[in-house]
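Next come the chains, spelled out residue by residue.
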Amino acid sequence: MSEHNRGTGLKHNDREALRQEAETRREAAEHLREEASRQQAMAEAGRAAGEDERQLREQGRQAREDVRELAEDARAAAEETRAAAVEVRAVREEVRQAREEGRRLAEEIRRLAEEIRADVEKLRAEAEAERAAADEQRGIPEEMRRTMQEGSPRKMDGD
C-alpha cells in the first residue's frame, strides 16, 4: 500500500504527475500573462507611436503651410523691391537729366555773361570815344577831360 495514497486512492507517482502538470500549467499561465502584458505594452507603444506619427504629420503639414506663406511673402517683397528699384532708376535718370540741364543752363549763362561783358566794354569804349570826340569839338583838351572824368574839380581850377 505504499504506492497507494490511502485517502485518495492515487498512487504516489500519479500525485507527482498531477503536481508537475499543475506546475507546468501555472508556468504556462504565467508565460501567457507575461506574453499578454508584453503584447498589451507593444499595442500601447504602437498607439503612442501612431499618435506621435499623426502629430508629426500635422506638424509637417503646418510647417509646409508656413513655408508656403513665407515664400509668398518673400515673392511679394521681391516684387515690391523690383518696383522700388524701377522707381529709383527713374528718379536717378530724372536727377541726371536735371543736372545735365543745369550744366547747360550754367554754360549758357556764362556765355551770355561774357557777351554782356563784351558788349558793356564795347559800349564803354564807344561812349568814351564819343565823349572824347565831343570834348574835342567843344575845345576841351584831353588832359582836362581826364581830370573831369576822375571827378576832381580842383584840378580843373588849377590846384
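Residues numbered from 1 in each chain as written. Predicted model: local features only at pLDDT ≥ 70, side-chain atom pairs only at ≥ 80, totals over all residues. Heavy atoms only, no water.

Some details on the overall build of the protein
Short version of the rule: Starting at the N terminus, helices and strands are each numbered in turn, a helix being any DSSP run of H or I of at least four residues and a strand any DSSP run of E of at least two. The Shrake-Rupley method, run with a 1.4 Å probe sphere, supplies the accessible areas, and residue values consider only the shown protein chains as cover.
On a plain count of helices and strands, the protein comes out with 3 helices and 0 strands. Start at the N end of the protein and walk to the C end: the helices and strands fall as α-α-α. Summing over all exposed atoms, the protein offers an accessible surface of approximately 14,000 Å²; the carbon and sulfur share of this is 53%.

A word on the pattern of salt bridges
Let me state the cut-off plainly: Here, a salt bridge means any Lys or Arg side-chain nitrogen found within 4 Å of an Asp or Glu carboxyl oxygen. Note on exposure labels: buried denotes an accessible area under 20% of the residue type's maximum, exposed denotes more than 50%, and partly exposed covers the range between, all computed with a 1.4 Å probe on protein chains only.
This model, assessed by the stated rule, comprises 21 salt bridges. One salt bridge connects Glu53 with Arg57, and the closest N-O pair in it is separated by 2.9 Å. Residue Glu53 and its partner Arg57 are both found in helix H1 (residues 12–138); the two are separated by 4 residues, about one turn of the helix. Overall, the relative accessible area of 46% leaves Glu53 in the partly exposed class. A relative accessible area of 49% places Arg57 in the partly exposed class. A salt bridge links Arg96 to Glu93; the shortest N-O distance between them is 2.5 Å. Highlighted residues: Arg96 and Glu93, both in helix H1, separated by 3 residues, approximately one helical turn. Of the residues examined, Glu93 reaches a relative accessible area of 31% and is grouped as partly exposed. Look at the salt bridges and you will find they share partners, linking Glu100, Glu101, Arg103 and Arg104 into a network.

Topic: a nonpolar patch on the surface
Quick note on the threshold: Residues form patches when they are more than 30% accessible in relative terms and have no salt bridge. Like charges link within 9 Å. Nonpolar side chains (Val, Leu, Ile, Met, Phe, Trp, Tyr) link within 5 Å.
On the surface, a nonpolar cluster with roughly 230 Å² of combined accessible area is contributed by Leu112, Ile116 and Val120. Counting through the fold element by element, Leu112 comes out in helix H1. Exposure remark for Leu112: the relative accessible area of 36% places this residue in the partly exposed category.

Comments concerning H1
Given 3.6 residues to a turn, an α-helix orients residues that are three or four positions apart in the same direction. Inclusion rule: One less than the residue count of a helix, multiplied by 1.5 Å, gives the span that helix is expected to have.
Taking 1.5 Å of rise per residue, 127 residues should cover 189 Å, and H1 covers 182 Å from first to last C-alpha, within 8% of that figure. Gly139 lies just past H1 and shows a positive phi near 95°.

So, the confidence of the model for the protein
We apply this condition: The predictor attaches a confidence to each residue, called pLDDT, with possible values from 0 through 100. Two residues qualify as a contact provided that any one of their heavy atoms is within 4.5 Å of a heavy atom in the partner residue.
Looking at the protein as a whole, the pLDDT averages 87, with 84% of positions reaching at least 70. Summarising per-element confidence for the protein, the mean pLDDT is lowest in helix H3 (residues 153–157) (48) and highest in H1 (94). Predicted confidence is poor over residues 1–5, with pLDDT under 50, and the contacts of this stretch with residues over four places away or in other chains come to 9 contacts.

Some details on a negative patch on the surface
Stated formally: Residues scored as charged are limited to Lys and Arg (positive) and Asp and Glu (negative), so that His and the chain ends carry no count. To locate a charge, take NZ of a lysine, CZ of an arginine, CG of an aspartate or CD of a glutamate.
Taken together, Asp66, Glu69, Glu72 and Asp73 make up a surface patch of like negative charges. Checked against the element boundaries, Glu69 lands in helix H1.

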